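These are the residues of each chain, in order.
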Amino acid sequence: MRVLGVDPGLTRCGVGVVEGVPGRPLTMLGVGVVRTPADAELGHRLVAVERGIEAWLDEHRPEFVAVERVFAQHNVRTVMGTAQASAVAMLCASRRGIPVALHTPSEVKAAVTGSGRADKAQVGAMVTRLLRLDAPPKPADAADALALAICHIWRAPAQNRLQQAVAAHRTLKGRTA
């Protein structure tokens, strides 16, 4: 399974591609950040994020895109920019027919470190270890994008089984009604 992880942001949108299956060593295929100038017009920044994500999709051809689920923050301006960048990533993937999964920050931290309250340094250290890298990816947005991809690889099979069970239950329930 090849997954593009996206840690959305308008100034720095982390992107990372990981390939592998649960229970086997994972491989990092690429990591980086799509940057936009903070003083640019919002529309131009969103177009720059789109172009950056499209380039990653073209180069790496992921089977899935995992995006950090936007959560409420105290700074409304920050959460709006994050939500807008998140929507761009989902749009780019959906336009190509690539399934998109949303994972919460605590879900990603728990999957990668074992604790949903891990800090950025702990996430970076575990990403480095899991992907057998020489050093944690910088900036933290890049490491977070890899953590999202790892989380999805490890959790997708269980999530798919749950979705199939729910669908089968609905089908069975519909036949007996």
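As shown above, the structure is provided for reference.
Let us look at the structure shown here. Source: prediction; values computed, not measured.

About the cut-offs
Residues numbered from 1 in each chain as written. Predicted model: local features only at pLDDT ≥ 70, side-chain atom pairs only at ≥ 80, totals over all residues. Heavy atoms only, no water. Pairing = 2+ DSSP bridges. Helix = DSSP H or I, 4+ residues; strand = E, 2+ residues; numbered from the N terminus. Axes fitted to C-alpha atoms, helices over the stretch in contact; angles between N-to-C directions. Salt bridge = Lys/Arg side-chain N within 4 Å of Asp/Glu carboxyl O. Buried < 20%, exposed > 50% of the residue type's maximum accessible area, 1.4 Å probe, protein only.

## What about the sheet that holds strand β3 (residues 27-35)?
Backbone-to-backbone hydrogen bonds join strands into a sheet, with any given pair of strands oriented parallel or antiparallel. Strand order in the open sheet made by the five strands is β3-β2-β1-β4-β5, with mixed pairing throughout. Each end of this open sheet is capped by a strand with a single partner; those strands are β3 and β5 (100-103). Sheet twist, expressed as the mean angle between neighbouring strand axes with direction ignored, is 20°. In terms of strand pairing, strand β1 (residues 2-7) meets strand β2 (residues 12-19) through six bridges, oriented antiparallel. Paired with Leu4 across the bridge in β2 is Val17.

## Notes on unusual backbone geometry
A cis amide bond, omega -10°, links Lys138 with the succeeding residue Pro139. Along the chain, Pro139 falls in the loop between α4 (120-130) and α5 (140-176). We note that Arg132 has phi near 55°; this positive angle belongs to a residue other than glycine. Structurally, Arg132 can be placed in the loop between α4 and α5.

## Quick look at the pattern of salt bridges
For the structure on display, the rule yields eight salt bridges. Measuring nitrogen to oxygen at the nearest pair gives 2.9 Å for the salt bridge that ties Arg95 to Glu54. Separated by 41 residues along the polypeptide, Arg95 in helix α2 (residues 76-95) and Glu54 in helix α1 (residues 42-60) bring together distant segments of the chain. Residue classification places Arg95 among the partly exposed positions, given a relative accessible area of 48%. Given a relative accessible area of 15%, Glu54 falls into the buried group. For Arg96, the salt bridge identified is with Asp58, shortest N-O distance 2.6 Å. Within this pair, whereas Arg96 is found in the loop between α2 and β5, its partner Asp58 is found in helix α1, the two being separated by 38 residues in sequence.

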